[in-house]
Amino acid sequence: MASMRSIKRRKASVESTQQITKAMKLVSTVKLQKARAKVETNKPYFDALYSTISSILARTADNGSSYISSNDSSVKAVIEVSSNRGLAGGYNSNLVKAVDKMDFPKDSTIVYAYGRKGMEGLMKKGYNIVQDYSEVINEPLYDDCVVLTKEIIEKFDNGEIGEVYIAYTDFVNTVTHIPVVKKLFPISREDFDSENIDTLMNYGEDGVGDEADSEIEVLEYIIPKYMTNMIFGAFMEAIASENAARMQAMDSATSNADDMISSLSLQYNRARQNSITQELTEIIAGAEAIT
């Protein structure tokens, strides 16, 4: 059996760790609430963009926008959104697995990394990391998404990339977080509400002449904003999922620490009892020897 001193030291170490896990759980809870608030604030703007694009796609008879037509490039770009820190259960590893399941050809796939843990996992899988923006995910701003969107569109227009995907973790609730890989660019009619498009197309052939040309121009203007909003929303969902996963992990760690402290307390009491019993036995034995 371990000595009383070693048991006491280990118990103190576990209690110290428990204080850290409790603090991390509280911090993650606050960050989760902030991230969810940003998602809710951004939702009306996203819904308006989505509805506008659906309407325009319904009224245009062809794919006149360059953002809808594919180019000849076989290169796929993946925007990876994970975290820079661990202690979040399977949050980062699940995202890496989701990307790997897509079976993207590694020799023609480039990765924009927003999160060090996910980047390291994809590097081990053999993916090519072209940009490391891991510091951005600590406190992402809408302007960061604008810069990324401009870079992606420029590379698409130049034929350097053919498709763009974004890999992040979708927040469902504090218990459920689903890693997803969504095609971001070029967009297609299938990405939008088919019922809405079919309904609008029944109003007549409005997608002709100058009106169609003006609607294509509007589409060219609004799609980059839609993409930026999609990326920003993915960042917020990922941050919410990360903090929810870390909150769960720290809650489990705190509970485990409670169990360990109880077990160590029991061991300490048994060791103390054995020590007292041994001392009494020695005293009695000594007294008997004298008499």
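Up top is the structure these notes are about.
Note that the structure is predicted; figures quoted are calculated from it, not measured.

Rules used in this analysis
- Every chain's residues receive numbers from 1 upward, in the order its sequence appears when written.
- Only residues with pLDDT of at least 70 get local features here, since the model is predicted, and only at 80 or more are side-chain atom pairs given and counted; chain-wide, interface and lining totals rely on the full set of residues.
- The basis for every side-chain value is the complete set of non-hydrogen atoms in the structure, without hydrogens or water.
- For this analysis, a ring pair means two rings from Phe, Tyr or Trp (six-membered ring only for Trp) whose centres lie within 6.5 Å, classed as stacked if their planes differ by under 30 degrees, edge-to-face if by over 60, and tilted for the remaining angles.
- Strands are runs of DSSP state E lasting at least two residues, helices are runs of H or I lasting at least four, and both sets are numbered from the N terminus onward.
- The cut-offs for exposure are 20% and 50% of the maximum accessible area for each residue type, with area from a 1.4 Å probe on protein chains only; residues under the lower value are buried, those over the upper are exposed, and the others partly exposed.
- Pairing of N or O atoms within 3.5 Å defines a polar contact, subject to two protein rules: one partner must be a possible hydrogen donor and the other a possible acceptor, and residues neighboring in sequence count only if both atoms are side-chain atoms.
- The criterion is simple. A nonpolar core is a set of buried Ala, Val, Leu, Ile, Met, Phe, Trp, Tyr and Cys residues joined through side-chain atoms within 4.5 Å.
- The contact definition used throughout considers only heavy atoms, calling two residues in contact when any of these lie within 4.5 Å.

(A) Looking closely at the packing of aromatic side chains. As enumerated under the stated definition, the model contains five aromatic pairs in all. Centre to centre, the rings of tyrosine 114 and tyrosine 133 are 5.1 Å apart; their planes meet at 35°, and the pair counts as tilted. Within this pair, whereas tyrosine 114 is found in strand E2 (residues 109–114), its partner tyrosine 133 is found in the loop between strand E3 (128–132) and helix H4 (142–157), the two being separated by 19 residues in sequence. Judged by centre distance (4.6 Å) and plane angle (75°), the ring pair of phenylalanine 156 and phenylalanine 185 falls under edge-to-face. Of this pair, phenylalanine 156 sits in helix H4 while phenylalanine 185 sits in strand E5 (residues 177–185), and the two are 29 residues apart along the sequence. The same class applies to phenylalanine 156 as to phenylalanine 185, namely buried.

(B) A look at the side chain of asparagine 84. Within the element layout of this structure, asparagine 84 appears in the loop between strand E1 (76–81) and helix H2 (91–101). A residue is classified by how much of its surface remains accessible, and asparagine 84, at 13% relative accessible area, is buried. A polar contact is formed between the side chain of asparagine 84 and the backbone nitrogen of arginine 116, at a distance of 2.8 Å. In terms of polar contacts, asparagine 84 uses its side chain to reach the side chain of asparagine 138, at 2.9 Å.

(C) Representation of the nonpolar core in the model. Of all hydrophobic cores here, the largest spans 50 residues; its most connected members are Ile79 and Ile223. Among the secondary structure elements, those contributing two or more residues to this core are helix H1 (4–59), E1, E2, H4, strand E4 (163–171), E5 and helix H6 (209–290). Here this core takes 17 residues from H6, the largest share from any one element. Each residue touching isoleucine 79, except ones within four places of it in the same chain, is listed here: Tyr112, Tyr114, Leu148, Ile152, Val164, Tyr165, Ile166, Ala167, Leu184 and Ile231. By size, the runner-up hydrophobic cluster in this structure holds 12 residues, among which are Leu95, Tyr127, Tyr165 and Val181.

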